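Coordinates in review
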Amino acid sequence: MSNPQGLATRIGAVISTPRKRPRQQRSQETFDAILEAAAQLFERHGYAAATTNRIAERAGVSIGSLYQYFPNKDALLYALGERHMLQLVEALGAVFSRLREEAPPLEETVRTLVGALADLHRADPVTHRLLYDQAPRPPEAAAQLRGVQTAMAREVEHHLHRLGVGGPDRALTALLLVQAAEAQVHGALLDPPPGRSPEEVVEAVVVLCLRSLRP
């Protein structure tokens, strides 16, 4: 997790990559404006209903300018997912680095990791809902998520060894914990059960993780 860019390279690609990458500041601004417009329209109208023409209009650029960077909506989705994954990996990398330096006890370690996942969902709920709930998820996109989960699980496994918990197969325990916590936090923040606040559900996730790890 110390190399977010390297991890992002390994977690695969979606269907169509952007045509080209911006090299100048003005091009970067256009690229970012198109991406932001796509995220807004995907969230507002759904992935299927949003069109490249409407995205270009929302971004204030010509459809030709959009196609310079993105050949189709799949490429826009890829770029949004890539940006989201890079932000996620970078943020988690900082958390894992701090945990390795400080080596806190079990409860603090679990609270830090679950809290970091919750913060990431809170930071960009539009993209989370788009990528997880609305957009189609081809096998390549699922592979991206599995790649990030696997990298996270390797770090969690390190702390299970450090703390002497996790049973005889700590690699499997770490992966199951990561997958369960990510799904539970996602549901807690974007669609909490009736009568429960997101904070209450996140706290319940912490309790479940601790109960599964303590003898």
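Values in this document were obtained by computation on a predicted structure and should not be read as measured data. (Residues numbered from 1 in each chain as written. Predicted model: local features only at pLDDT ≥ 70, side-chain atom pairs only at ≥ 80, totals over all residues. Heavy atoms only, no water.)

1. Some details on unusual backbone geometry
Stated formally: A run of DSSP states H or I qualifies as a helix once it reaches four residues; a run of E qualifies as a strand once it reaches two. Both are numbered from the N-terminal end.
Although it is not a glycine, Ala103 adopts a positive phi angle of roughly 45°. As for its position among the elements, Ala103 is in the loop between α5 (73-102) and α6 (106-123).

2. Quick notes on the confidence of the model for the chain
Let me state the cut-off plainly: Per-residue confidence from the predictor is reported as pLDDT, a score between 0 and 100. In what follows, a contact means two residues having at least one pair of non-hydrogen atoms within 4.5 Å.
Per-residue confidence for the chain averages 83 on the pLDDT scale, and 83% of its residues sit at or above 70. Highest mean pLDDT in the chain belongs to helix α3 (residues 52-59) (96); lowest belongs to helix α1 (residues 4-10) (38). With pLDDT under 50 throughout, residues 1-17 is counted as low confidence; its partners more than four residues away or in other chains account for 41 contacts.

3. So, the packing of α6 against helix α9 (residues 170-190)
As a reminder, the rule being used: To get an axis, fit a line to the C-alpha atoms, keeping to the stretch in contact for a helix; angles then go from 0 to 180 degrees between the N-to-C directions. Here the word oblique covers every angle except those under 35 degrees (roughly parallel), over 145 (roughly antiparallel) and from 65 to 115 (roughly perpendicular). Two helices that cross are described as forming a left-handed crossing if the nearer one is turned anticlockwise from the farther one by less than a right angle, and a right-handed crossing if clockwise.
In the contact formed by α6 and α9, the axes pass within 10 Å of each other and the chain directions differ by 45°. Classified by the interaxial angle, the pair formed by α6 and α9 is oblique. The handedness of the crossing between α6 and α9 comes out as right-handed. Mapping the contact onto sequence places Val114, Leu117, Ala118, His121 and Arg122 in α6 and Ala181, Glu182, Val185, His186 and Leu189 in α9.

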